[in-house]
Amino acid sequence: MDRRQFLQMLGLVSGAAALSSCGSEKGQKELVSLLVPAEDGIVPGTESWQPSTCCECPAHCGLLTRIRENRPVKLEGNPQHPVNRGGLCLRGQASLWRLYHPQRLQTPLKRQADGRLQAITWAQALTEITEALQLSRQQGRKNTWLAGRTSGTLSTLIEEFCDSLDIERLAEFEPFSHAALRQSYGLLLDQADLPRYRVEQADLLITVGADLLETFISPVDYTAQASTLAADQKRHWMHLEPHYSLTGANADDRLVLTPGSEGTLLLWLLQSLTSQSRYRSRWPQALQDLLPSTNLAATANATGLKPQQLQELVSRLMQAKKPLLIVGGIATGHRNGQPVALLGALLQWLIALPWAGLDFSAAENYSRVGSLRDLKDLNQQLAEDRIGVLFVSRCNPVRHSPTELGLKAALAKATLRVGLADLADDTTDQMDLILPLAHGLETWGDTEPRRGVIGLLQPLATPRQQALSEGDLLLKLLKQATGKSPAADWEAYLQQTWQKRFSRAQLGQLMKDGYLIEPQPQPSIRLNQARAAKALRNLQLQAPLAQPTAVIAPSIRSFDGRSRSLELLSEIPDPLTTISYGSWMAVSQQTADRLRLRDGNELQIKTADWQSSQPVRIQPGLATEILTLPMDSLPAPVTGIDPLTGEALRYVEGLQLKPTGKLHRLPILAGSPSQHGRGLIPKPVQRKKKGDQQHHGPRASFYPEPEYENYRWTMAIDLQRCVGCSACVASCYIENNVPVVGASDHLAGREMSWLRIEPFYDEHGQVDFLPMLCQHCSYAPCEAVCPVYAAYHNPEGLNVQVYNRCVGTRYCSNNCPYKVRRFNWWQHKRTAPLDQLRNPDVPVRSKGMMEKCTFCLQRIRIAKDRAKDDKRLVQDGEVTTACAQSCPTGAIVFGNLLDKESQIYRLTHSQRAYRVLAELGTEPSVHYLRPE
Amino acid sequence: MQNTSSTEQIEQDVLAAMSRPSRCYLACIFLAGLVFLGGMALWSRQIALGMGVAGISHPVGWGVYITDFVFWVGIAHSGTLISAVLYIFRARFRTSFNRAAEAMTIFALMVAGLFPLIHLGRVWLAYFLFPYPNQRQLWVNFRSPLVWDVFAVSTYMLVSLVFFFVGLVPDLAIVARRRPGFIGKIYRLASLGWVGNSQQWRHYTKLYFFLAAFATPLVASVHSIVSWDFAVSIVPGWHTTIFAPYFVAGAILSGTAMVITLVIPMRRLLRLETYIPISHIESIAKILLLTSLIVGFAYVVEQGLAFYSGNLYEMEQFRFRALGDYRLLFWIMVSCNAILPLTLFVGRLRRNLAYLFILSLLVNVGMWLERFVIVVTSLARDFDPYAWGNYTPSFTEIGITAGSFGLFFLLFLLFIKILPVLSITELKER
Amino acid sequence: MPKWLPHSLLYAYFGGFILLIAALAWFRPVTHQDNSQPIAFPHTVHAGQLGLACNFCHESVTQGPQAGMPTVDKCVSCHQAIATERPEIQKLLSYHEKGEPIRWRRIHQVPDFIYFTHKRHVRSGLDCSACHGAIEEMKEVRRVRSLQMGWCLSCHRSRGASFDCATCHK
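Everything numeric here is computed off the predicted structure, so don't read it as measured data.

Asker: Explain the overall build of chain B to me, using residue names and the numbers behind them.
Answerer: Each helix and strand counted, chain B has 15 helices and zero strands in total. Relative to its length of 430 residues, chain B is compact, with a C-alpha radius of gyration of 23 Å against a globular reference of 22 Å. Its C-alpha atoms put chain B at 75 × 60 × 40 Å along the principal axes. Burial statistics for chain B: of 430 residues in total, 61% are counted as buried. Considering only contacts in chain B between residues 6 or more positions apart, those separated by 24 or more positions represent 81%. The centroid of the 32 positive side-chain charges in chain B is displaced by 11 Å from the centroid of its 20 negative side-chain charges.

This is the structure we're talking about:
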């Protein structure tokens, strides 16, 4: 059913928006007369924006989807949404790639005897499942349902489904289960939930292992808050970890911990704080004597920190008015994981709960999510032939279970294995029946990523072939199995549920804004002293891990690996190493020197029962005895299960390192990790000395100053706020139809990114990220040398590339000091249906043409058109570039410099503003604000 | 001095070169033609698939093709030097080579003119580069050195062709006289009715002198303009005022080397030893030595100025050239262009034809490498260290380069058979 | 002058002309516009005799980049009763019955890399015939302007519109 009818049934709107049939498109050789008038208010050839929710990771950020020619062509964060507030990470941008992915499952598939998959009809699939369900009941086997984190009405339907058919609904499976944290909160605070950490209110943030910027619970939210915190001179962020992560790279201070010693550190902190007057009164007497004794020297020894650093931690904690400690991520992924989580929870209770730093009323919805222990149970039951039909929906347990568990083999013992997915993965490879799921942009639905926030899903694209929404699938199955179902289809079920749950006004808001906030009551949090006492009594801190240790680190590009198959995310390089395609392992400079390794040399690391061989990448600033193994580099990223918490073990300790002598060609996109003293990112401004400001006087020049009439488009990038997450890069790729070229072109240096993140390391191993894009120089070196005027300067300050005029001499690229011009070495074609992922406002370039950032000229054009209708100029904030729009931290600001009230004017006149390679006299329109 | 009956001898000897082609000659033609066609096939493939078949990339957007372009234009200059400049200076020794050198100029320019087309990403729109009246109401960008190249090289080509042809006219009449039949008629037509009376001779001398004077400044200007393709940009290692004289000197150096490479075998195979005495070749070798000294001086100045300037980018660029990934090519270039030719101070070596031949080959290798080093190393290490990257020529580029040599030698071989390789009239005068 | 020369020249001269004509005939299909449409809709009747305004059918011409094609519903709203016996109308009605959209052959088209918006042009006071010619006199719509860059530019210059390249080149 279409949107108009749906809304009519809800009694909300009459004659409102509806999806129309195919429209005409520029470039087609024909014009089409539609049957009925097109969607209300949608003039052919113009855009419309519809709210939705991103489903690429469990954070479920709010989206605004741009629809052109009846297809979603761009995703943007919803500026009002409480989770992401307008930002959208690179995976969110790339979820559009998933929608048009050529390998998306299209029909139900059945595995034949020889292992190959055969397409079957839904009727056949459903019949087979129903029969298998019945058979296993007769055989006395259990039917089970295993899914990834599910929320909203779908969860209710699954509950009904499992009840009606007597299927056991297993604990949900998430590779990042945060099980240790939830266990601790449940034990000590009676809230087995993941609270929302109020980073925005803290004045001191200490994170231990928790990768806020990469994958920790709600990355876009925490990235925005943490970066604001770090940018504020009065607030401070310290990150402690054993390896080198993007989160650590952006914190104010990064302290290197010995792996496995987080517990010792937290214990010492707890000791130190409870002995101070500020916290002594809060700390219960009963627990006073239960803290195991520890001292500064022993802690320094165990953690690898210096005594001064430890003392600084304590003194900052004491001075802060609203200190916040966040523990998680890899910090709980080793044998000391449970003590780390418990001590972390105790510390949080002590220092953060007094000022409501943990918000359990907005807890992340992980209550049904289990841990690897549940998977182990399932494995046991499978091995004992107790499982009949096993449904596996939207999760990949085969990849994320330890090899020694033998899940693959155990799965074979279920009578029927049914996988529900949109793309093939390790788990669907083991399934007998694979049912294709529709994408979040193709179906109706709702999500509740955190308590009190409801997100809307609505169909904005036609489902791929025969893919169905999970809701429809379950209802059909119910109908088939029992002869009746609670609703005719998923839309009807949703309506029923919504009409019961929400008022008319609320529903209207949900439809219009794409989200709804239902403030939840604040639970009162009390420390369960009895359990705390027991925990402290039984506290056993084991020794730190034996070094050399490999840290199996999550990736900002693929989350837990689920986004790996989106080629766009392999095209965009990892921010720290600038490696795009392929696998690698990061080693320290000292290790590389000792073993005489260069980038690309293969190194084998092994223990008694585990080994991995990867090409090496030298990571400046990485501790000597640590290696970082990105999760995606391993076929089996989970090396074991912590029996106490059920968390995945994310370390391999006591390694033997042996170079194998092989050389791999790694697609490392950075020519050099160092600035070589060129001042591309100059030293921070000394705020105290006023005279330090280097004001260049007006440049003497032959040429007349360019005159700008109404607009002078300018951009400012705040390097303090840029965290290198590359969301801007993904946004640019999709907005501008930038070709995704693949590994072999990357090896030749032919990546096509118009905007790139350049990481520059200093001699201490600290990194700063420089987003580099066309600077739209007022005196552009490229414009003077193009023989055919394909590159020229327009009266609004843009350096415009006229694609059709370009003959491809490449002189412009040679003359560009920033090297931001990209040449089309080949004719790039996207395999269908990815060729539909195309912004029709931007031409697709052919081979032999030069392309580069245009400051999203197409968006400027749309804004000016709109403004002209109202007979006015474009206002500040009305138009922004794709990169600026997507940035979770708001590091990029775009606007009209002639508008003296605008944000861009203020930023470019800030004390921190400078321009890259200004001494060349190019007069760029992109100003950078130096990091502090 | 020869006696009068030897004018007949001169004609006979020179025209003997144009007799029936030997089997060896046909084999050479075949080989050269094959290599040329191979290059053309590779170029067609490049047009069909895109520039990706070449090894160029970001940041090195110019590679072997531009190197070839500058190389061939450079070679052309020395031909004009010998025929025009030396004519004005009344250097006697020029008569031995001036025809061959002029021909070399024409052919080198023909080959060079292909490369701006070969390196274009969208060669089917190459007409955009020409300022012709069009409905788009667009002119070309006259500020761009590439457009200056268009004018410079085409002017040079035109003037060289006219100069060449004018010089040929009396010789064509001689050939026509000696060749019967249809072929002779073509030569007669080409000689424009030359009978050799005193009036014609007067006009001829005036015109020839005028054209020589016209072509002389082109020797300096054309390669200066080609050098400004680099010097006018901001790339460190390119942006320097020394380029114009440096390139012109380099052009003469590689041109004289190519003349020596062509003339020494030609002299032997066509049995023209009496007409091309060793002393004349020695004079060319002296020009080679002179220009090699200039080029060597330029190397020292470049390196010295880079460090004297204190400019971070220049210093790093020249450090990279001498000690970086392309250092082997750099040092071969310096040895072949600046150090080895110093041996020509020794008179015995100057007069040793075998030694001169080998040296000329090495100088040409060195000069090709010089352009390669300048183009590639500057682009490989410029301002933003993130963008640094190296370049390796691909099979297509090497194949097309070989094809260009094939074309050049094919044309020269054809020239030997079709036109008199020495200026008969000037020899007679002598 | 050898005897064969005048003969061969004559042959060459006339032969050349014959070759030229052959080449033109060969390339004619490429250059000649095919104006046939699925239904022989006559603007002469609708725009001419009936005097319907252009934007009666092409509604979005003042609202967006594309002029817009009338929906099948719109045509049928009159023709369910008018001239229903004519074969072309019957074609129209069968589209409506089958629920099939009509795929017209596009006559006026600018390349994909050009941004052209009807809205701005029409709102600036340009009459449709300035670019499309006297449509009301065309039985079959044909392109009567070159739509080439220079043609667009000369009108832009004379009317004071922007001729900055970025105005039209996307």
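Asker: Account for the interface of chain B and chain A, with residues named and values stated.
Answerer: Counting residues at the interface gives 51 residues for chain B, matched by 59 residues for chain A. Summed over both partners, the interface of chain B with chain A comes to about 4,400 Å²; 56% of that surface belongs to carbon and sulfur atoms. Three residues stand out in chain B for area buried against chain A, namely His58, Arg122 and Tyr386 of chain B, and they jointly supply 22% of the buried area on that side. Taken together, the connections running from chain B to chain A amount to two salt bridges. Where the side of chain B that touches chain A is concerned, the elements lending two or more residues are helix H2 (23-49), helix H5 (145-178), helix H7 (198-231) and helix H10 (312-323) of chain B. Of the residues belonging to the side of chain B that touches chain A, the class tally is 33 nonpolar, 11 polar and seven charged.

Asker: Please give an account of the nonpolar core that cites residues and values.
Answerer: With 344 residues, the main nonpolar core has Tyr197, Leu212, Leu324, Leu770 and Tyr928 of chain A together with Trp72 of chain B as its most contacted residues. Once you skip the residues sitting within four places of it in the chain, Leu212 of chain A turns out to touch Leu205, Thr207, Pro219, Tyr222, Thr223, Ala226, Trp237, Thr247 and Ile326 of chain A. Core analysis: the second largest hydrophobic core is formed by 43 residues, Leu157, Ile167, Leu433 and Phe502 of chain A among them.

Asker: Residues and numbers for the environment of Gly140 of chain A, please.
Answerer: Residue and element names in this part refer to chain A. Checked against the element boundaries, Gly140 lands in the loop between helix H3 (122-138) and strand S7 (142-147). Its relative accessible area of 63% is what places Gly140 among the exposed residues. For the pair Gly140 and Gly186, spaced 46 residues apart in the sequence, the C-alpha separation amounts to 35 Å.

Asker: Can you tell me about the packing of helix H8 (residues 243-269) of chain B against helix H14 (residues 395-418) of chain B, naming the residues and giving the values?
Answerer: Residues and elements named next belong to chain B. Where H8 contacts H14, the axes come no closer than 13 Å and their chain directions differ by 45°. With respect to their mutual orientation, H8 and H14 come out oblique. Crossing geometry of H8 relative to H14 is assigned as right-handed. Together, Met258, Leu262 and Met266 of H8 and Phe405, Phe408, Phe409 and Phe412 of H14 make up the contact between the two elements. When grouped by side-chain class, the residues that make up the contact of H8 with H14 number seven nonpolar, no polar and no charged.

Asker: Account for helix H3 (residues 64-88) of chain B, naming residues and giving values.
Answerer: Residue and element names in this part refer to chain B. When the terminal C-alpha atoms of H3 are compared, their 36 Å separation across 25 residues agrees well with the 36 Å that a helix rising 1.5 Å per residue should span. Maximal helix bending in H3 amounts to about 35°, located at Leu81. Once H3 finishes, Arg90 follows within two positions and takes phi at roughly 55°, a positive value.

Asker: Just give me the short version of the confidence of the model for chain B, but keep the residues and values in it.
Answerer: Confidence along chain B averages 92 in pLDDT terms, with 99% of residues attaining 70 or more. Averaged pLDDT values over the elements of chain B bottom out at 79 in helix H1 (residues 5-16) of chain B and peak at 97 in helix H11 (residues 327-339) of chain B.

Asker: Tell me about the packing of aromatic side chains, and please be specific about residues and values.
Answerer: All names here are of chain B. With the rule as written, the count across this model stands at 55 aromatic pairs over all chains. With centroids separated by 6.1 Å and ring planes inclined at 20°, the aromatic side chains of Phe210 and Phe214 adopt a geometry described as stacked. Within this pair, Phe210 and its partner Phe214 are both found in helix H7, separated by four residues, close to a single helical turn. For Phe214, a relative accessible area of 43% translates into the label partly exposed.

Asker: Before we move on, can you summarise the pairing of strand S18 (residues 445-450) of chain A with the specific residues and values?
Answerer: Burial runs high along S18 of chain A: six of the six residues are buried. Turn length for the S18 of chain A-strand S19 (residues 453-457) of chain A hairpin, with the two strands adjacent in sequence and antiparallel, is two residues, and the turn residue Gly452 of chain A shows positive phi of about 90°.

Asker: Account for the sheet that holds strand S5 (residues 109-111) of chain A, with residues named and values stated.
Answerer: Residues and elements named next belong to chain A. Within the open sheet, the seven strands sit side by side as S6-S5-S17-S16-S15-S7-S8. Their pairing is mixed. Sheet topology places strand S6 (117-119) and strand S8 (167-169) at the edges, where each strand pairs with a single neighbour. Across the sheet, the mean angle from the axis of one strand to that of its neighbour is 20°, orientation sign disregarded. Of the pairings in the sheet, the one linking S7 to S8 comprises three bridges and is parallel in character. Following the sheet pairing, Asn143 is matched in S8 by Ile167. Contacts from H3 reach S5, S7, S8, strand S15 (387-393), strand S16 (416-421) and strand S17 (433-436) within the one sheet, and its direction differs from that of S17 by about 130°.

Asker: An account of helix H13 (residues 353-380) of chain B is needed here, citing residue identities and associated values.
Answerer: Residues and elements named next belong to chain B. The first and last C-alpha atoms of H13 sit 40 Å apart over 28 residues, in line with the 40 Å expected at 1.5 Å per residue. Burial runs high along H13: 21 of the 28 residues are buried. The N-cap of H13, judged by a side-chain oxygen 3.0 Å from the amide nitrogen of Ala354 a few residues on, is Asn352.

Asker: Hey, could you go over unusual backbone geometry for me, with residue numbers and the actual values?
Answerer: All names here are of chain A. The amide bond that connects Ala832 to the next residue, Pro833, takes the cis arrangement and shows omega of -5°. With respect to the secondary-structure elements, Pro833 resides in the loop between strand S33 (822-823) and strand S34 (850-851). The phi dihedral of Arg85 falls on the positive side, at around 45°, and the residue is not glycine. Looking at where Arg85 falls in the secondary structure, it is placed in the loop between strand S4 (71-77) and helix H2 (90-99). In this structure Arg85 comes out as partly exposed when scored by relative accessible area, which is 43%. Here the phi dihedral of Leu917 falls at roughly 55°; this positive angle occurs in a residue that is not glycine. Tracing the sequence through the fold places Leu917 in the loop between strand S36 (913-914) and strand S37 (926-929). The class of Leu917 is buried, set by a relative accessible area of 3%.

Asker: Describe in detail the side chain of Glu448 of chain A, supporting the description with residues and values.
Answerer: Residue and element names in this part refer to chain A. Mapped onto the elements, Glu448 comes out in strand S18. Glu448 gets classed as buried once you look at its relative accessible area, which sits at 14%. Excluding residues that lie within four positions of it along the chain, Glu448 makes contacts with Ser151, Gly152, Asn365, Val453, Ile454 and Arg501.

Asker: Outline the sheet that holds strand S2 (residues 48-53) of chain A, supporting the account with residue identities and numerical values.
Answerer: Residue and element names in this part refer to chain A. Strand order in the open sheet formed by three strands is S2-S3-S4, with antiparallel pairing between adjacent strands. Both edges of this open sheet fall to S2 and S4, since each of them pairs with a single strand only. Pairwise comparison of adjacent strand axes, ignoring direction, gives a mean angle of 35° for this sheet. Pairing of strand S3 (residues 62-68) with S4, which is carried by six bridges, proceeds in the antiparallel orientation.

Asker: Any details on the interface of chain B and chain C? Residues and values, ideally.
Answerer: Chain B puts four residues into the contact, and the matching count from chain C is seven residues. Interface area, chain B with chain C, both sides summed: about 450 Å², of which 49% is carbon and sulfur. Sorting the residues of chain B by area buried against chain C places Gln135, Arg136 and Gln137 of chain B first, and these three jointly supply 88% of that buried surface. Summed over the shared surface of chain B and chain C, the result is zero salt bridges.

Asker: Which residues make up the pattern of salt bridges, and what values go with them?
Answerer: Residue and element names in this part refer to chain A. Taken as a whole, this structure holds 68 salt bridges over all chains when the rule is applied. Here Arg450 makes a salt bridge to Glu364, at a shortest N to O gap of 3.5 Å. Taken together, the residues Arg450 in strand S18 and Glu364 in strand S14 (residues 358-364) connect sequence positions 86 residues apart. Accessibility expressed as a relative area gives 4% for Arg450, which makes it buried. Glu364 sits in the buried class, given a relative accessible area of 3%. When the shortest N-O distance is used, the salt bridge between Arg501 and Glu518 registers 3.3 Å. Linking Arg501 in helix H17 (residues 490-501) with Glu518 in the loop between strand S20 (515-517) and helix H19 (529-537), this pair joins segments that are 17 residues apart in sequence. On the accessibility criterion, Arg501 (36% relative accessible area) is partly exposed. The exposure class assigned to Glu518 is buried, which follows from its relative accessible area of 17%. One network of salt bridges, in which partners are shared, links Arg85, Arg196, Glu200, Asp221, Glu364 and Arg450.

Asker: Requested: an account of the pairing of S7 of chain A, with residues and values cited.
Answerer: All names here are of chain A. By the criterion of burial, S7 is predominantly enclosed, with five of the six residues buried. Pairing between S7 and S15: five bridges, direction parallel. Counterpart to Trp145 in the pairing with S15 is Phe391. Handedness of the S7-helix H4 (residues 153-165)-S8 crossover: right-handed.

What counts as what
- Residues numbered from 1 in each chain as written.
- Chains lettered and ligands numbered in written order.
- Predicted model: local features only at pLDDT ≥ 70, side-chain atom pairs only at ≥ 80, totals over all residues.
- Heavy atoms only, no water.
- Helix = DSSP H or I, 4+ residues; strand = E, 2+ residues; numbered from the N terminus.
- Rg over C-alpha atoms; globule rule 2.2 N^0.38 Å.
- Buried < 20%, exposed > 50% of the residue type's maximum accessible area, 1.4 Å probe, protein only.
- Contact = heavy atoms within 4.5 Å.
- Lys, Arg positive; Asp, Glu negative; His and termini not counted.
- Charge placed at Lys NZ, Arg CZ, Asp CG, Glu CD.
- Buried area = accessible area lost by both parts, 1.4 Å probe.
- Salt bridge = Lys/Arg side-chain N within 4 Å of Asp/Glu carboxyl O.
- Nonpolar A, V, L, I, M, F, W, Y, C, P; charged D, E, K, R; others polar.
- Core = buried A, V, L, I, M, F, W, Y, C linked by side-chain atoms within 4.5 Å.
- Axes fitted to C-alpha atoms, helices over the stretch in contact; angles between N-to-C directions.
- Parallel < 35°, antiparallel > 145°, perpendicular 65-115°, else oblique.
- Left-handed = near helix turned anticlockwise from the far one by under 90°.
- Expected span 1.5 Å × (residues − 1).
- Bend = angle between axes of the 7 residues up to and from the residue.
- pLDDT = per-residue confidence, 0-100.
- Phe/Tyr/Trp six-rings, centres within 6.5 Å; stacked < 30°, edge-to-face > 60°.
- Pairing = 2+ DSSP bridges.
- Polar contact = N/O pair within 3.5 Å; in protein donor to acceptor, adjacent residues only side chain to side chain.
- Right-handed = clockwise from strand over helix to strand, strands pointing away.

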